[in-house]
Amino acid sequence: MSFLNGILLLGAAAFLIPLIIHLLNKRKVVTVRWGAMHLLHEVIRQRKRKMKIEQLLLLITRIAIPIVLALCLARPVLTALRSLGLGSSSLIVMLDDSFSMRAPAAQTTLPGGTVMQQARQDMQTMLTDLPSGSSAQVVLSGGTPRKLLDQATTDLTLVPAKLSDVSSMSGPLSANDAFQAATSALKDAPNAAREVVIVSDFQEADWRAIADGAALPALEGLSKQEPKPQITFYRVGSDLAENLSIASADISALVAAESQPIGLRVRIKNHGKRPWQDVAVHLEADGARLRTARVSLAPEGEAVLSFTHAFDKVGDHSLSVRLEGDSFADDNAFHSIVQVRNQLNVLLIDGSPGSEPLSGAADFLEIALTPHTVAAATLKDLIRTKKIELRKIRNEDLRQQEVIIMADVEKLQGHTQNDIDKFVKEGGGLLVFAGPECDLDWYNREFYRKGQGLYPSAIKGQARADSDAPPARILMQRFTHPAALYFNDARAGRLQDAEFRHWFEFTPQGDQTQRIFNLDRNVPLMIEKKYGRGRVIAAATTANAEWSNLPLQPFFVPLMQRLTTYLATEGSAPAWQFVGSTIRLPLERAELGSEFTLRDPTGQTQTLKSAKEGDAVFVQSPVITQSGIFQLQKVGTEKTTLLAFNIDGAESDLKALPTADIQKIAKRHDAAYADTLPAYQALDRTRRHGSELWQPLLIALLALLFVEVLLQQHIAKG
Amino acid sequence: MATLSDILHAEDITSLQSLQLFARTVVEGFTTGQHASPHKGFSVEFRQHRPYVQGDEIRRLDWKIFGRTDRFYIREFDEETNLRATVVLDASGSMGYRGQKGILKFDYARKLAASLAYLLMSQQDAVGLITFDAKVRDIIPCRTKITHLHLLLETMVKTEPGKDTSLAPVLESLAQRLKRRGLVILISDFFDDPAALLRSIGVLRKKGHEIIALQLWDRDEIDFPFGNWARFENLENDDDFLLLDPATIRQRYIEAQQNFAEQLKDGFRKHQVDYLSLPTDESHSAALRSYLSLRMR
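Residues numbered from 1 in each chain as written. Chains lettered and ligands numbered in written order. Predicted model: local features only at pLDDT ≥ 70, side-chain atom pairs only at ≥ 80, totals over all residues.

This part takes up the interface of chain A and chain B. Across the boundary between the two partners, chain A contributes 24 residues, which contact 29 residues of chain B. Elements supplying a minimum of two residues to the side of chain A that touches chain B: helix 1 (16–27), strand 2 (30–34), helix 2 (37–73) and helix 15 (694–717) of chain A. If one sorts the elements of the side of chain A that touches chain B by residue count, helix 2 of chain A sits on top with 9 residues. When the residues that make up the side of chain A that touches chain B are grouped by side-chain class, the tally is 13 nonpolar, 5 polar and 6 charged. In this sheet, strand 8 (residues 230–234) of chain B lies alongside strand 2 of chain A in parallel orientation, the contact comprising 5 bridges. The residue of strand 8 of chain B that forms the bridge with Thr 31 of chain A is Arg 231 of chain B. (Contact = placed C-beta atoms within 7 Å. Helix = DSSP H or I, 4+ residues; strand = E, 2+ residues; numbered from the N terminus. Nonpolar A, V, L, I, M, F, W, Y, C, P; charged D, E, K, R; others polar. Pairing = 2+ DSSP bridges.)

What follows is the structure in structure tokens.
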């Protein structure tokens, strides 16, 4: 405790006045020789004890009044927090660098700037206000959280300089991951007094669940650390409420044949409260505008547009959709890459060929992969299949193939197994369907090999749905696997219509595998495993209609085509990636040491070198911080790979969490909240220098005066 | 020999005389029969003879003079006395309170008693006096003669407030002593146990006495105006004192005083005793006026 006007404390000596008056009054007693003593005795008998207490209370109140008044005038400051050593502190700023921070800043704070610029400006003041000897670190919290500096620095001028490079193009902020990163950064904090400030626009999409009570274990852990860091939620906001964005653009095929029409389904979202009429949406191929469509959007509504286009040249092509008229422009375009090939060779190994049409294990597959060829249509199929029985397979059959599909294969002979193993390791794709012929022992022992083999999972056994029980169906959920993304839209087909009577019970282990589809019995239907440079997908059912009616469903054709093209494009760049991720392309071993030139959408170039990690050789870029089409060209060759980067659609909804909810979260975790720089500075001053107590003291003084009057009245009334 | 002027100032005497005149005017024809005498017949004190006129009562003719002179004369007597009034004056310690206005309660009581005695005697009533504190101190029997007044006044003058009060036993002993029924005028502050007091009043009333209770209050005892811390010492008991801040109990004291007065008033009313509460800062004439108005009811 210290005092801003310490000298006025002397005024507290005024407490002597009532005390002296009280004592003098007692000493200056007059003697009254009195007759009506019986009346006095009667009064006193009832109140003697109470009177003593009341007299004492009144005296204490009267003594307290000048003391509190003097304290109030002396402006005491509570400095208990100083004992935490807040003289110099370690500041960790969790800066939300997600895309939404690029929205225009509020007119009252930074006219013409963005929320991120405002955040930078405010952070600079925060850093300037830090006492000398303090250290700072910034955790960029959008997308995957990462440190701005390798180590916390005491050179506080370094931080703003580094911050100017932050483009704020990351994906949505994951609060738990961000606090986890802050906790880890806190370990390097050199000072005992530690402060964590989360600077964010507190987008509703990122924080709603937490405001509704979802746990935030990383923050709970952070707030329980000893010595306890001071945590502050600092909100930087935008006035912008209107925003249009391209939420997604689903492409019908990852790989297309020359002149094969490709469908592009574009979802446009209005995040604002006003309706939009005739918004122009352009389709661009390889940078050239092809056509324009117009859509109208209801408030907070959505519109879906479909485009088709056919490329007539083999190679990588870019396909972009762009909308016009929206002031927040960064999310107005969506880019993807389409690979156009002459053909894609697929080998179908039929484990149980049938004599009747469609009775063989791979018959439905053949039709699904080459529908035009089977129908003798004029349209050309990209995929060219070669069906072969297991016993007739030869080494040369595997050559020139990009994907091998095994359907109801009992087991592979040693040399065939080795050939397929090598094929996948070198980047080929393998799709394995189950079936009654499969030798489960062999599959588990040789093919799965306790996770070392090709097969993605051990098989517990064969499960079935009894005839009187309902069949198993595909569990409808948001699919995240690239081959399944297309089926998130109901228009791609009703996956839930497929009925499964028999299936393999997979028991996938660890993080080697990724589930593509699940059955509603909580078992996987399809799982994927990376193996060498290639990928293997295992399906728990047959490829024909023996165990399910899957092949009879209309979506079977696009599903098989997408799985096949997905397997065939291993080693190629994905159709698009989120800004904030890196480019990482596998290379041939021979390419180790070669250089690549990366050209960004603005024409800037940088050179990348291939690198080796274990057996894998690859080329990797730094984190990509802008959306658009990138070109990666091997130096000295014509070989160019196109890459598309898009902003996460979740960031386009600029709605912020209401202040009350942010405060609620802060309060729950014993954190402070500020939404203006002066408010933060006041908070900081209070922590650093203590809080002034004159206001509560003034209230106490008024209360004492009130009590004194009440007591006096009460005593006078007797 | 004590005279009236020892007790009363000249203006008081003048005031009393005018009061007497006032009383005579107001109470014309009221005295006789107003004091409802419990005895039959008249007490007879001869004054003069006068010639008979028509209308005089035949039984009042003096036949001896008629025998001697052969003329009719009527025997005239002094006015009849049918009231025996005993003034009971409280001379206890509490009557020795001298208030902030400088009036001694007992002084006031003494003057009031003298005024009443004078008033009654000038109305040819027999007046007696009893002074007491814890016990009866002086008893002067009822007499009519004006010379008797001097004895009463002398007794009053020599009496000073004593110690403890014990009103109830005094009144009970009074009931034994007052053989003939009459008017008992109690002048006191009645600072005693109300229950015992009213019980003894009951005894007096049973004996057929008419009672007038005049309660004296100093203004301080009504308003309790003390400001500073004070040590209140009991006038009747030196060991009894209280040290307190009067301001803190004023309200409650006033309530207690009013309750006490009310309690007495109710008790007196129950026993059909006329009651007057007299603050000592009121003039005696006002007090007497109150008394007379009480008697006229």
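Our focus in this paragraph is the packing of helix 7 (residues 167–177) of chain B against helix 8 (residues 194–206) of chain B. Residues and elements named next belong to chain B. Relative orientation of the contacting elements helix 7 and helix 8 amounts to 10 degrees, with a least axis distance of 8 Å. In terms of orientation, helix 7 and helix 8 fall into the roughly parallel class. Between helix 7, through Leu 167, Ala 168, Leu 171, Glu 172, Leu 174 and Ala 175, and helix 8, the contact on the second element is made entirely by Ala 196, Leu 197, Arg 199, Ser 200, Ile 201, Val 203 and Leu 204. By residue class, the composition of the contact of helix 7 with helix 8 is 10 nonpolar, 1 polar and 2 charged. (Axes fitted to C-alpha atoms, helices over the stretch in contact; angles between N-to-C directions. Parallel < 35°, antiparallel > 145°, perpendicular 65-115°, else oblique.)

Turning our attention to the sheet that holds strand 7 (residues 210–217) of chain B. Residue and element names in this part refer to chain B. One open sheet accounts for 6 strands, arranged 5-4-3-6-7-10; its pairing is mixed. Each end of this open sheet is capped by a strand with a single partner; those strands are strand 5 (136–143) and strand 10 (274–279). Strand-to-strand twist in this sheet, taken as the mean axis angle between neighbours without regard to direction, amounts to 15 degrees. Two strands pair when backbone bridges link them, and strand 4 (residues 126–132) and strand 5 are joined in this way by 5 bridges, in the antiparallel orientation. Bridge assignment links Phe 132 to a residue of strand 5, and that residue is Val 136. Here helix 6 (residues 146–158) sits on the sheet and contacts strand 4 and strand 5; the angle it forms with strand 5, its principal contact strand, is near 165 degrees.

Another aspect to go through is the nonpolar core. Residues Ile 349, Leu 365, Ile 405 and Ala 407 of chain A are the most contacted members of the largest nonpolar core, which totals 119 residues. The element best represented in this core is helix 12 (residues 556–568) of chain A, accounting for 6 residues. Other than its neighbours up to four places away in sequence, Ile 349 of chain A contacts Ile 388, Leu 390, Ile 393, Ile 404, Ile 405, Met 406, Ala 407 and Val 409 of chain A. The next biggest cluster of nonpolar side chains, apart from the first, holds 75 residues, and it includes Phe 106, Leu 171, Leu 214 and Tyr 291 of chain B. (Core = buried A, V, L, I, M, F, W, Y, C linked by C-beta atoms within 7 Å. Buried ≥ 20, exposed ≤ 12 C-beta atoms within 10 Å, placed from the backbone.)

Residues and elements named next belong to chain A. Locating Leu 254 in the fold gives a position in the loop between strand 9 (244–251) and strand 10 (255–257). For Leu 254 and Thr 569, which are 315 residues apart along the polypeptide, the C-alpha to C-alpha distance reads 8.1 Å. Apart from residues no more than four positions distant in its own chain, Leu 254 is found in contact with Gln 339, Arg 562, Thr 565, Tyr 566, Thr 569 and Ala 575.

Looking now at the environment of Leu 104 of chain B. Residues and elements named next belong to chain B. Here Leu 104 lies in the loop between strand 3 (84–90) and helix 5 (105–122). Between the alpha carbons of Leu 104 and Asp 218 there is a distance of 8.3 Å; along the sequence they are 114 residues apart. Sequence-distant contacts of Leu 104, defined by excluding residues within four places in its chain, comprise Gly 96 and Arg 98.

Another aspect to go through is the confidence of the model for chain B. Residue and element names in this part refer to chain B. Chain-level statistics for chain B give a pLDDT mean of 79 and a share of 81% at 70 or above. Of the regions scoring below 50 in pLDDT, residues 19–43 engages in 21 contacts with residues more than four places distant in sequence or in other chains. The ipTM for the predicted assembly is 0.76, set against a pTM of 0.56. (pLDDT = per-residue confidence, 0-100.)

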